[in-house]
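Each chain, letter by letter, is given below.
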Amino acid sequence: MDKLSLAFEFRHACKRFDESKKINHEDLEAILEAGRLSPSSFGMEPWHFVVVDNADIKTELRAVCYNQEQVTSCSHYVIVLYRKASNFTSQSHYLRQAVARTLPDQNDQTSIDIACQDFINFTKFGLANGLTVNHWSEMQDYLAAANMMTAAAYRGIDSCAIGGFEHDKVIQILEKHIPQFSGETFGVGLCLAFGYRINEQQPHIRWSLQDVTTYLS
């Protein structure tokens, strides 16, 4: 198999990490860079990554992540945030900055207004029934998360995606430790534990390619 295929085979939901092994800075930044370079709807990149390697803060987080061991045994715990709807109004700084960088003249306020309205129209009329801007934004997190886990596996680093957590309590912990952070601006999409396995992985259980694929030719 090629290296990328080997990485997909290597990756699994690691439930217990070797606490004596730490990810070096170069590898950690390569993982985060894979998240940064991920695709996103409209190129909005509505994510932010909070990297936790402080043992005391990880212990706090474990308590609101249903006491999952990998939260504290991992080398680095990455909280993948998504931007809430308040970031995507016609006058929000984030939306205007995001669309301006794609325009020939980044100071053309009329063009920025038009581009912002195009995006707002999409959120009003283009989303599936029942979905909100928050849902749309949160879904983008999974693109970045998948790429980060694959990038880690490519470097022989294990990971576990964690969707089981008490959302509001995670927000409260972040607000306590990051003065400029606000739950009014960000929500938590999911969390990623990175480190090195202490046990051998079990074989993958997957449906066959034929079971999950339909060709329309």
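The structure we're discussing is the one just above.
Residues numbered from 1 in each chain as written. Predicted model: local features only at pLDDT ≥ 70, side-chain atom pairs only at ≥ 80, totals over all residues. Heavy atoms only, no water.

**Student:** Would you explain the overall build of the chain in this entry?
**Tutor:** If you tally the helices and strands in the chain, you get nine helices and four strands. Going residue by residue from the N terminus, the α and β elements of the chain occur as α-α-β-α-α-β-α-α-α-β-α-β-α. Based on the C-alpha atoms only, the size of the chain along its principal axes is roughly 55 × 55 × 35 Å. Counting only residues that meet the buried cut, the chain has 43% of its 217 residues in that class. Sequence-distant contacts in the chain: of pairs separated by 6 or more residues, those separated by 24 or more amount to 78%. Just so you have it, the chain exposes about 12,500 Å², and 52% of that area is on carbon and sulfur atoms. Each charge sign in the chain was given a centre, from 19 positive and 26 negative side chains, and these centres are 3 Å apart. (Helix = DSSP H or I, 4+ residues; strand = E, 2+ residues; numbered from the N terminus. Buried < 20%, exposed > 50% of the residue type's maximum accessible area, 1.4 Å probe, protein only. Contact = heavy atoms within 4.5 Å. Areas by Shrake-Rupley, 256 points an atom, 1.4 Å probe, with all protein chains shown as cover. Lys, Arg positive; Asp, Glu negative; His and termini not counted. Charge placed at Lys NZ, Arg CZ, Asp CG, Glu CD.)

**Student:** What is the right way to look at the sheet that holds strand E1 (residues 47–52) in this model?
**Tutor:** By way of backbone hydrogen bonds, the strands of a sheet pair with one another, either parallel or antiparallel. The four strands lie next to each other as E1-E2-E4-E3, forming an open sheet whose pairing is antiparallel. Looking at strand neighbours, the two that pair on one side only are E1 and strand E3 (158–162), the edges of this open sheet. Adjacent strand axes in the sheet meet at a mean angle of 25° when their direction is disregarded. Summarising the sheet, E1 and strand E2 (residues 76–83) pair through six bridges and their orientation is antiparallel. Along E2, the bridge assignment pairs phenylalanine 49 with valine 80. Sheet strands in contact with helix H2 (residues 25–36) are E1, E2 and strand E4 (186–195), and its direction is about 165° off that of E1. (Pairing = 2+ DSSP bridges. Axes fitted to C-alpha atoms, helices over the stretch in contact; angles between N-to-C directions.)

**Student:** Which parts of the structure should I look at to understand the layout of surface pockets?
**Tutor:** Empty space among the atoms can be located by rolling a probe the size of a water molecule over them. Quantified by volume, the largest pocket comes out at close to 170 Å³. As for the largest pocket, its lining consists of 13 residues, of which His12, Ala13, Cys14, Lys15 and Gln201 are closest to the centre. Among the residues making up the lining of the largest pocket, the classes are represented as two nonpolar, five polar and six charged. (1 Å grid on protein atoms, 1.4 Å probe; cavity = no way out; pocket = protein on both sides within 12 Å on 5 of 7 lines; lining within 4 Å. Points joined across faces, edges and corners; volume = space filled by probe spheres on them. Nonpolar A, V, L, I, M, F, W, Y, C, P; charged D, E, K, R; others polar.)

**Student:** I tried to follow the side chain of aspartate 18 on my own but got confused; where do I start?
**Tutor:** Within the element layout of this structure, aspartate 18 appears in the loop between helix H1 (3–10) and H2. At 2.6 Å, the side chain of aspartate 18 forms a polar contact with the side chain of serine 20. Beyond its immediate chain neighbours, meaning those up to four positions away, aspartate 18 contacts Ser73, Tyr196, Arg197 and Ile198. (Polar contact = N/O pair within 3.5 Å; in protein donor to acceptor, adjacent residues only side chain to side chain.)

**Student:** Sorry, what's going on with the environment of methionine 149 here?
**Tutor:** Inspection of the secondary structure assignment puts methionine 149 in helix H7 (residues 133–154). As for methionine 149 and phenylalanine 194, which are separated by 45 residues in sequence, their C-alpha atoms are 8.2 Å apart. The contact partners of methionine 149, leaving out residues within four places of it in the chain, are Arg11, Ser159, Ala161, Leu192 and Phe194.

**Student:** Explain unusual backbone geometry here, please?
**Tutor:** Both trends apply: most residues other than glycine have a negative phi, and most peptide bonds are in trans. A positive phi is found at glutamate 45, a non-glycine position, where the angle reads about 45°. Mapped onto the fold, glutamate 45 is located in the loop between H2 and E1. Residue classification places glutamate 45 among the partly exposed residues on the basis of a relative accessible area of 26%. Located in the positive-phi region is asparagine 67, a residue other than glycine, with phi close to 60°. Here asparagine 67 shows up in the loop between helix H3 (55–63) and helix H4 (70–73). By relative accessible area, which is 52% here, asparagine 67 ends up exposed.

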